[in-house]
Amino acid sequence: MPTRKQWENKLSESLISEEQYNQLSEEQKEESFSSNLAFGTAGIRGKIGLGPNRLNRFTVQKVAYGLSKYLNEVTDQATVVIAYDTRHFSKEFCDEIAAVLGSNGITAYIFERYHTTPELSYSVRHLQADAGVMITASHNPPEYNGIKIYGPDGGQMALAGSQKVSSYINQIDNELNIEVQPLDQLKADGLVKQAHAEVIESYKQQVIDLIQDIPQSDLKVVFSSLHGTSVPIIPEILESLNFSNFKLVTAQCTPDPDFSSVASANPEDHAAFDMAVELAKEQGADLLIATDPDADRMGVVAKVGDDFHYLNGNQLGSLLLAYRIEQTEGMKDRAAVKSIVTSELGKVVAEKNDVKMFDVLTGFKFIAEKIAEFEQNEDYQYIFGYEESYGYMASPFVRDKDAVQIVPLIIKLASELKNEGKTIVDKMNHIYNTYGHYEEKLFAHTFEGQSGKQKIQDIMTKARLDTPSSIAGLKVIAVEDYEAQLRKDDNGESTINLPKADVLKFFFSDGWIALRPSGTEPKIKLYVSLLSDEIDEIAEKINAEFFGE
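- For the protein chain, an unreviewed UniProt entry supplies the name Phosphoglucomutase and the organism Macrococcus lamae.
- Within the UniProt record for the protein chain, the comment given under Cofactor (unreviewed entry) is "Mg(2+)".
- Looking at the Sequence similarities (unreviewed entry) heading of the UniProt record, one finds this comment for the protein chain: "Belongs to the phosphohexose mutase family."

Here is the structure:
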């Protein structure tokens, strides 16, 4: 393993500037060399900087080399599609990955400019590639970037494959000495190729075919890409669907790797909509939409009178599910998929309309695997999949969450409702009145560094070993431990037929809570989902019991 001195001697070749490195405190520098960035389930994410615990030319090459070793083991003449977002060094990292792949005999397709994550997912399928690489850190702060690896189905790489890639990455002792041929030479040799525009045009046509039309109405929309990749593609699709009654939040619809107009480029954060709200007030808009920087997730705000209603991920998911059920009426053997930490409301909506709802672990790769299972067995027809964290997919021509197809879908729904004198808030209230008023609350606790990592582990261990009989006065009637793959209730123990995951779920008569450490950030999340009108008060008590707040 290279020493800090060896790394610093390579600073000029690392893509990290001397000025950027010298601005760091000694403590920050030490942290950069304290460990290696971990390749998790199909990806890696971290801060940009020098050292093995940061993203730079050499750590990116290391990931690409591990992927190369894996692909050359499982197939001959492999092809890979690479796309990148608008973050710092995304284009440079794309070139580095393409060069490493090409140097190892793998053909890499790259794009002329940034693209969305769903476009990458589609491109893998369309080009029948063996893998895909998306360079993005989603909604993380500007100092982060990341690499997500996709399998040939267009979904994030399956567990077995990602573990193999990880093992190859970990076998590399010195990432400073990976041999890479010049990119220009690899292009001349045909090992690095340009992905043609027809791939993206084909994707756009798939979205248009899904939506078909947006009815004429006086619906007004405000849209923001939060400085990310969804412009120009979403405006182009809306125009193709003859919907032009939208205004862009101009200051946020140009690429900016610093996300300078927002504290957080995350549509889950209400403050991310502040500029959209101001524009909506000026324009008299009805619907506000924002996508995250790589456009796989999206948030929606509805203006009703003078009020702005921020729909959470569960509400929007249930709303879209109900709409997809209406759209697919007459289709047999319909199925929908959601994550285990997503509200039970979706399950109730589905099953009362003869749609089978499947629960999977958090991560859209598991929804993609379920779709593949439906296709192989020919037993169910997929109509919708979603996660509470603002990720949705209606049609499986991609195999990852896809805001690009959902934006025109929610506009179509809102336009239809507008012609009936209704709003999506009216539709949501109708769902509550029909199926039950399920409410949700999410707490995300951040614990930085090694001590934080240990604290998160201690919280999970205590919850496992000292299972409470009641929480905030609510009697626990069942516990699901996805690490042990066991469910315990009054009937004894039963097996959970899902892959292992560090998740604990406690059930009450009117809902559940879940504890889940994040796989990409130094956070542990507490999910509360209850059939209750007093969710805020109860959720705060539950949070205090686990975190003392």
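From this point, the discussion proceeds with the structure in view.
## Notes on the packing of aromatic side chains
We describe a pair of aromatic rings using the distance from one ring centre to the other and the angle between the two ring planes.
Turning to step 1, where the next piece is worked out: Summed over all chains, the structure comprises 14 aromatic pairs.
Turning to step 2, where the next piece is worked out: Centroid distance F358 to Y380: 5.2 Å. Interplanar angle 80°. Geometry classified as edge-to-face. A residue pair is termed long-range when its members are at least 10 positions apart, and F358 in strand β13 (residues 356-360) and Y380 in the loop between α14 (364-377) and β14 (381-387) qualify at 22 residues.
Turning to step 3, where the next piece is worked out: F358 gets classed as buried once you look at its relative accessible area, which sits at 15%.
Turning to step 4, where the next piece is worked out: Using a relative accessible area of 28% as the deciding quantity, one classes Y380 as partly exposed.
Turning to step 5, where the next piece is worked out: Between F384 and Y392, the aromatic rings sit 6.4 Å apart at their centres with planes inclined by 15°, giving stacked as the arrangement. For the pair F384 and Y392, one class covers both residues: buried.
Turning to step 6, where the next piece is worked out: One aromatic cluster is present, formed by Y122, Y203 and F397 through successive ring pairs.
Turning to step 7, where the next piece is worked out: If you follow K356 out to its NZ or CZ, it ends over the ring of F358, 5.7 Å from the centre.
Turning to step 8, where the next piece is worked out: Note that K505 overlies the ring of W512, its terminal NZ or CZ placed 4.3 Å from the centroid.

## Here we look at the UniProt feature "domain: Alpha-D-phosphohexomutase alpha/beta/alpha" (unreviewed entry) in the protein chain
Turning to step 1, where the next piece is worked out: In the UniProt entry, the feature "domain: Alpha-D-phosphohexomutase alpha/beta/alpha" (unreviewed entry) is given for residues 38-174, 200-303 and 312-434.
Turning to step 2, where the next piece is worked out: Between the end C-alpha atoms of residues 38-174 there is a gap of 15 Å, over a span that is 39% helix and 20% strand.
Turning to step 3, where the next piece is worked out: The span residues 200-303 is 32% helical and 17% strand by assignment, and the distance between its end C-alpha atoms comes to 33 Å.

## Section: the pairing of strand β23 (residues 511-517)
Turning to step 1, where the next piece is worked out: For β23, a buried count of seven out of seven residues is recorded, marking the element as mostly surrounded by other parts of the structure.
Turning to step 2, where the next piece is worked out: Alternating positions in β23 separate into two faces, G511, I513, L515 and P517 on one and W512, A514 and R516 on the other, with burial throughout.
Turning to step 3, where the next piece is worked out: Bridge count for strand β22 (residues 504-508) against β23 is five bridges, and the pairing is antiparallel. Residue pairing across strands places L504 opposite L515, the latter belonging to β23.
Turning to step 4, where the next piece is worked out: Between the antiparallel neighbours β22 and β23 lie two residues.
Turning to step 5, where the next piece is worked out: Direction of pairing for β23 relative to strand β24 (residues 523-531): antiparallel, over a ladder of seven bridges. Bridge pairing links R516 to K525 in β24.

## Considerations on the sheet that holds strand β3 (residues 107-110)
Turning to step 1, where the next piece is worked out: Here six strands make up an open sheet; going across it, the order is β1-β5-β4-β2-β3-β6 and the pairing mixed. In this open sheet, the two strands that pair with only one neighbour each are β1 (43-47) and β6 (192-194). Strand-to-strand, the axes of this sheet are offset by a mean angle of 20°, without reference to chain direction.
Turning to step 2, where the next piece is worked out: In this structure, strand β2 (residues 79-84) lies alongside β3, joined through four bridges in parallel fashion.

## Brief notes about the nonpolar core
Turning to step 1, where the next piece is worked out: Ranked by size, the top nonpolar core spans 100 residues in total, and within it I289, M298, I410, I411 and I424 carry the most contacts.
Turning to step 2, where the next piece is worked out: If one sorts the elements of this core by residue count, helix α15 (residues 403-419) sits on top with 10 residues.
Turning to step 3, where the next piece is worked out: Core analysis: the next-biggest nonpolar cluster, separate from the first, contains 38 residues, A42, Y114, A131 and Y168 among them.

## Some thoughts on the environment of F358
Turning to step 1, where the next piece is worked out: Distance in space between the C-alpha atoms of F358 and S339 is 8.3 Å, their sequence separation being 19 residues.
Turning to step 2, where the next piece is worked out: Every residue in contact with F358, bar those within four places of it in the chain, is listed here: A335, A336, V337, K338, K370, F374 and Y380.

## Description of unusual backbone geometry
Working note: non-glycine residues mostly have negative phi, and peptide bonds are mostly trans.
Turning to step 1, where the next piece is worked out: Residue V231 is joined to P232 through a cis peptide bond whose omega torsion reads 20°.
Turning to step 2, where the next piece is worked out: Locating P232 in the fold gives a position in helix α10 (residues 230-240).
Turning to step 3, where the next piece is worked out: One non-glycine residue, S138, lies in the positive phi region at around 55°.
Turning to step 4, where the next piece is worked out: Although it is not a glycine, D333 adopts a positive phi angle of roughly 55°.

What counts as what
- Residues numbered from 1 in each chain as written.
- Predicted model: local features only at pLDDT ≥ 70, side-chain atom pairs only at ≥ 80, totals over all residues.
- Heavy atoms only, no water.
- UniProt positions renumbered as here; feature names shortened; annotations may be inferred.
- Phe/Tyr/Trp six-rings, centres within 6.5 Å; stacked < 30°, edge-to-face > 60°.
- Helix = DSSP H or I, 4+ residues; strand = E, 2+ residues; numbered from the N terminus.
- Buried < 20%, exposed > 50% of the residue type's maximum accessible area, 1.4 Å probe, protein only.
- Lys NZ or Arg CZ within 6 Å of the ring centre and 35° of its normal.
- Pairing = 2+ DSSP bridges.
- Axes fitted to C-alpha atoms, helices over the stretch in contact; angles between N-to-C directions.
- Core = buried A, V, L, I, M, F, W, Y, C linked by side-chain atoms within 4.5 Å.
- Contact = heavy atoms within 4.5 Å.

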